Amino acid sequence: MDELTWPRFHAAYQRIVRRIVLGDSARDDERITRLQDRLRADGNWFMLHPKRHALRRELFARTRHYLELSEPGGLARAAAETPQTTATDPVAQMQHWLFAFDAAPIGAYLALGLLAGHPAQADKARADHHYLRACVLESQRLWPTTLAILRDSTVETTWSGGWTLPAGTGVVFYSSFFHRDPKNLPYADRFEPEAWLDGRAEADWTTAPFSRGPAACPGRNIVLATSAHLLGALLHHRDWQLHSPHHLGPGRPLPRTADHTSLRFGVQR
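Procedures and definitions
- Counting of residues starts from 1 at the beginning of each chain's written sequence and follows it residue by residue.
- In view of the model being predicted, local features appear only for residues whose pLDDT reaches at least 70, and side-chain atom pairs are presented and counted only at 80 or more, with totals across whole chains, interfaces and linings using the full set of residues.
- Hydrogens and water molecules were not included; the side-chain quantities draw on all heavy atoms of the structure.
- By nonpolar core we mean a set of buried residues, namely Ala, Val, Leu, Ile, Met, Phe, Trp, Tyr and Cys, connected to one another through side-chain atoms within 4.5 Å.
- For each residue, the accessible area found with a 1.4 Å probe, counting protein chains only, is set against the maximum for its type, and the residue is called buried under 20%, exposed over 50%, and partly exposed in between.
- A run of H or I in DSSP counts as a helix once it spans at least four residues, and a run of E counts as a strand once it spans at least two, with each numbered from the N terminus.
- In what follows, residue pairs with any heavy atoms lying within 4.5 Å of each other are defined as contacts.
- Like-charged residues are merged into a patch within 9 Å and nonpolar side chains (Val, Leu, Ile, Met, Phe, Trp, Tyr) within 5 Å, provided each residue has over 30% relative accessible area and no salt bridge.
- Throughout, the Shrake-Rupley method with a 1.4 Å probe supplies accessible areas, and for residues the shown protein chains are the sole cover considered.
- A pairing counts as a salt bridge when a side-chain nitrogen of Lys or Arg comes within 4 Å of a carboxyl oxygen of Asp or Glu.
- The span you would expect from a helix comes to 1.5 Å times its residue count less one.
- Of all possible arcs, the one meant is that of the directions from the helix axis to the C-beta atoms.
- All axes are obtained by fitting lines to C-alpha atoms, using only the stretch in contact for helices, and the reported angles, taken between N-to-C directions, cover 0 to 180 degrees.
- Small angles under 35 degrees read as roughly parallel and large ones over 145 as roughly antiparallel, with 65 to 115 read as roughly perpendicular and the rest as oblique.
- Handedness of each helix crossing follows the sense of rotation of the near helix against the far helix: counterclockwise by less than a right angle gives left-handed, clockwise gives right-handed.
- In this count, Pro and Cys sit with the nonpolar residues alongside Ala, Val, Leu, Ile, Met, Phe, Trp and Tyr, while Asp, Glu, Lys and Arg are called charged and the others, Gly among them, polar.

**Student:** Is there a simple way to think about the nonpolar core in this case?
**Tutor:** Nonpolar side chains in soluble globular proteins generally cluster together in the buried interior. Ranked by size, the top nonpolar core spans 62 residues in total, and within it Phe-9 and Trp-240 carry the most contacts. The dominant element in this core, judged by the number of residues it contributes, is helix H6 (residues 104-117), at 9 residues. If near-sequence neighbours (up to four positions away) are discounted, Phe-9 is found in contact with Leu-4, Pro-105, Ala-108, Tyr-109, Leu-230 and Leu-234.

Shown next as structure tokens:
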């Protein structure tokens, strides 16, 4: 029996991302992924961390190389062929597309854990791409990778509780609370991908794994499509046995937190 671990899965997913965003020749360019990870980690310190100009120049030079190659099938080709103005920066735009996939491997890996723990849903997912997308959305609802959504109220807002916020007030929505609120979601602590197919989840704006409204993540569709296709390939002609310290099966409430790096899978044809 083979074994799938988080490092193996994450490396494979990043290889796929590089091919989608930059083109097939970028599939083995792990350096560009490491550069992005390093600079993003520095960015978490806001203005407190010294700027790494040399790393940024190298990252942009590597990205520009793939834009100039303009291979068929990649987003780099689409960016290179899109009419540009003096304000257009395709090299920087590619960083945004790569960033759109930043947390995607986590959601996909947790979705695989849920499907391994729920054989009935796994059987449905093998035959239905839309159901697979719903499974990925559901993993992001259960364990959101964006822990808080930040907004500014542009107009004076009155909430259902009767209190009023003046225009310009900063608001924080804590995703993990709203996604697991049993008063609002009867399925709060169970795996319910059907909620994304019958309209229940979409109708509830407190459920927002990719945010909502004008500031919704523009990478939602491509991330969901990529993760669903990958999971479909993994489920095809394979049986997955979950080895995990977490209970991800039916019968009792799913844990409020889950360490994706601890999941391991036994794989059989």
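**Student:** Got a minute to help me understand a nonpolar patch on the surface in this structure?
**Tutor:** On the surface, a nonpolar cluster with roughly 330 Å² of combined accessible area is contributed by Leu-147, Tyr-174 and Phe-177. Relative to the assigned elements, Leu-147 resides in the loop between helix H8 (129-142) and strand S2 (148-152).

**Student:** For this particular structure, what's the right way to read helix H3 (residues 53-69)?
**Tutor:** In an α-helix, one turn spans 3.6 residues, which is why side chains three or four residues apart end up on the same side. Between its first and last C-alpha, H3 extends 25 Å over 17 residues, near the 24 Å set by a 1.5 Å rise per residue. Those residues of H3 not exposed but buried are Leu-55, Leu-59, Phe-60, Thr-63, Tyr-66 and Leu-67. Buried residues along H3 cover an arc of 125° about the axis, so they all sit on one side. Exposed residues lying more than 90 degrees from the buried face of H3 are Arg-57 and Glu-68. Of the surrounding secondary structure, the elements contacted by the buried residues of H3 are helix H1 (6-22), helix H2 (30-43), helix H4 (75-81) and helix H5 (90-100).

**Student:** Is there a simple way to think about the packing of helix H7 (residues 119-127) against H8 in this case?
**Tutor:** Any two packed helices are characterised by the angle at which their axes cross and by the distance between the axes. Relative orientation of the contacting elements H7 and H8 amounts to 130°, with a least axis distance of 6 Å. With respect to each other, H7 and H8 are oriented oblique. You can see that H7 and H8 cross each other, and the crossing is left-handed. Here Gln-121, Lys-124, Ala-125 and Ala-127 of H7 lie close against H8, whose contacting residues are His-129, Tyr-131 and Leu-132. Split into classes, the residues belonging to the contact of H7 with H8 amount to 4 nonpolar, 2 polar and 1 charged.

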